[in-house]
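# Coordinate analysis (summary)
Chain by chain, the residues run as shown.
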Amino acid sequence: MIRAALAYLAIGFLLGALLLGHRGVPLGEWVYRLVPLHAEFLLLGWSAQLALGVAFWILPRFRSGAERG
């Protein structure tokens, strides 16, 4: 999940760079359709994947017997 989070982060940065580059060199009106996708990839994709991946890594796993309590 952490690898997927890094992939979401990279794609979100690429979309953000495209949106930022559009301010200097107009590419077309289709670029504005990427704003919700950019927000989705960075806010939900990256942060949720990273949080769940780290939680899955940190929290203890149940094995054959109860380790605590």
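The following paragraphs examine the structure supplied in this document. (Residues numbered from 1 in each chain as written. Predicted model: local features only at pLDDT ≥ 70, side-chain atom pairs only at ≥ 80, totals over all residues. Heavy atoms only, no water.)

Along the protein chain, the regular secondary structure elements total 2 helices and 0 strands. Across the 69 residues of the protein chain, 17% fall into the buried class. Sequence-distant contacts in the protein chain: of pairs separated by 6 or more residues, those separated by 24 or more amount to 56%. In the form shown here, the protein chain has an accessible surface area of approximately 5,700 Å², with 70% of it arising from carbon and sulfur atoms. (Helix = DSSP H or I, 4+ residues; strand = E, 2+ residues; numbered from the N terminus. Buried < 20%, exposed > 50% of the residue type's maximum accessible area, 1.4 Å probe, protein only. Contact = heavy atoms within 4.5 Å. Areas by Shrake-Rupley, 256 points an atom, 1.4 Å probe, with all protein chains shown as cover.)

Take the packing of helix H1 (residues 2-24) against helix H2 (residues 35-58) next. Running from N to C, H1 and H2 cross one another at 160°; their axes reach a closest spacing of 8 Å. It follows from the interaxial angle that H1 and H2 lie roughly antiparallel. The element H1 and its partner H2 pack so that their crossing is left-handed. Where H1 abuts H2, its residues Ile2, Ala4, Ala5, Tyr8, Leu9, Ile11, Gly12, Phe13, Leu15, Gly16 and Leu19 lie against Val35, Leu37, His38, Phe41, Leu42, Gly45, Trp46, Gln49, Leu50, Gly53 and Val54. In the contact of H1 with H2, the residues fall into 16 nonpolar, 6 polar and no charged. (Axes fitted to C-alpha atoms, helices over the stretch in contact; angles between N-to-C directions. Parallel < 35°, antiparallel > 145°, perpendicular 65-115°, else oblique. Left-handed = near helix turned anticlockwise from the far one by under 90°. Nonpolar A, V, L, I, M, F, W, Y, C, P; charged D, E, K, R; others polar.)

Let us look at a nonpolar patch on the surface. Together, Ile2, Leu6, Tyr8 and Trp46 make up a nonpolar patch on the protein surface, roughly 330 Å² of accessible area in all. For Tyr8, the location among the structural elements is in helix H1. With relative accessibility at 30%, the residue Tyr8 sits in the partly exposed group. (Patch = residues over 30% accessible without salt bridge, like charges linked within 9 Å, V, L, I, M, F, W, Y side chains within 5 Å. Salt bridge = Lys/Arg side-chain N within 4 Å of Asp/Glu carboxyl O.)

On to the packing of aromatic side chains, then. Summed over all chains, the structure comprises 1 aromatic pair. Relative to Phe41, the ring of Tyr8 has its centre 5.1 Å away and its plane inclined at 50°; by these criteria the two rings are tilted. One end of the pair, Tyr8, is in helix H1; the other, Phe41, is in helix H2, with 33 residues separating them in the sequence. (Phe/Tyr/Trp six-rings, centres within 6.5 Å; stacked < 30°, edge-to-face > 60°.)

On to the side chain of His22, then. Within the secondary structure, His22 sits in helix H1. One polar contact links the side chain of His22 to the main-chain amide nitrogen of Leu27, over a distance of 3.0 Å. When near neighbours in sequence (up to four residues on either side) are disregarded, His22 contacts Leu27, Gly28, Val31 and Tyr32. (Polar contact = N/O pair within 3.5 Å; in protein donor to acceptor, adjacent residues only side chain to side chain.)

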